[in-house]
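# Descriptive analysis of the structure
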Amino acid sequence: MIDGDSQKRNEALYTCIMERISDANIIETIRKVVEAQLAPARVDRVDVAYDLDHDGDPLLRVRIVFEIDGDRLDPKAVRGLARHLREPLERIAVDDFPVFSFATVKEDRAAAA
């Protein structure tokens, strides 16, 4: 259970983080690493949303929309994404842990319809 002071701090942090949501530098940093690690998949879009985990710590929700023959990413490449992103994100002063989700372009278009 989060006490009142912690709740207020988390709400203030969340409000502050939400202002960073469209930061092109963060999105581009993530995109470069994802494209390099998931090749030969083509990254169509990277969406980043800021959230808090169950302990109230900030995290990045990263949604990758991709295209690849067979619609399957290499599980080894996916597993290492957070590790490969740690240093590039630290260089731009982002300490939030990335949590990934993936969708093919077809899945993304179907969800939008």
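These remarks concern the structure in this document. This one's a predicted model, so the numbers in the text were calculated from it and none came from an experiment.

The sheet contact formed by strand β1 (residues 42-52) and strand β2 (residues 58-67) spans 10 bridges and is antiparallel. Note that in β2 the partner of Arg 45 across the bridge is Val 65. Hairpin remark: β1 followed by β2, antiparallel, with five residues in the connecting loop; positive phi at Gly 56, about 90°.

Within this structure, the stated rule accounts for nine salt bridges. As a salt-bridge pair, Arg 45 and Asp 47 come within 3.0 Å of each other at their nearest N and O atoms. Asp 47 gets classed as partly exposed once you look at its relative accessible area, which sits at 28%. Arg 63 serves as the salt-bridge partner of Asp 108, at 2.8 Å between the closest nitrogen and oxygen. Linking Asp 108 in helix α5 (residues 105-112) with Arg 63 in strand β2, this pair joins segments that are 45 residues apart in sequence. You can call Arg 63 partly exposed: its relative accessible area is 25%. A cluster of three or more residues bridged by salt bridges with shared partners is formed by Arg 45, Asp 47, Arg 63 and Asp 108.

Right, let's get into the environment of Asp 53. Considering the arrangement of structural elements, one finds Asp 53 in the loop between β1 and β2. A sequence separation of 44 residues divides Asp 53 from Phe 97, and the C-alpha atoms of the two residues are 9.7 Å apart. Among the polar contacts made by the side chain of Asp 53, one reaches the main-chain amide nitrogen of Asp 55 at a distance of 2.9 Å.

The peptide bond linking Ala 39 to Pro 40 adopts the cis configuration, its omega dihedral lying at 15°. With respect to the secondary-structure elements, Pro 40 resides in the loop between α2 (24-38) and β1. Here the phi dihedral of Ala 93 falls at roughly 65°; this positive angle occurs in a residue that is not glycine. Relative to the helices and strands, Ala 93 resides in the loop between α4 (81-91) and β3 (97-104).

Reading the values: rules and limits
Residues numbered from 1 in each chain as written. Predicted model: local features only at pLDDT ≥ 70, side-chain atom pairs only at ≥ 80, totals over all residues. Heavy atoms only, no water. Pairing = 2+ DSSP bridges. Helix = DSSP H or I, 4+ residues; strand = E, 2+ residues; numbered from the N terminus. Salt bridge = Lys/Arg side-chain N within 4 Å of Asp/Glu carboxyl O. Buried < 20%, exposed > 50% of the residue type's maximum accessible area, 1.4 Å probe, protein only. Polar contact = N/O pair within 3.5 Å; in protein donor to acceptor, adjacent residues only side chain to side chain.

So yeah, pure geometry; function would need other evidence.
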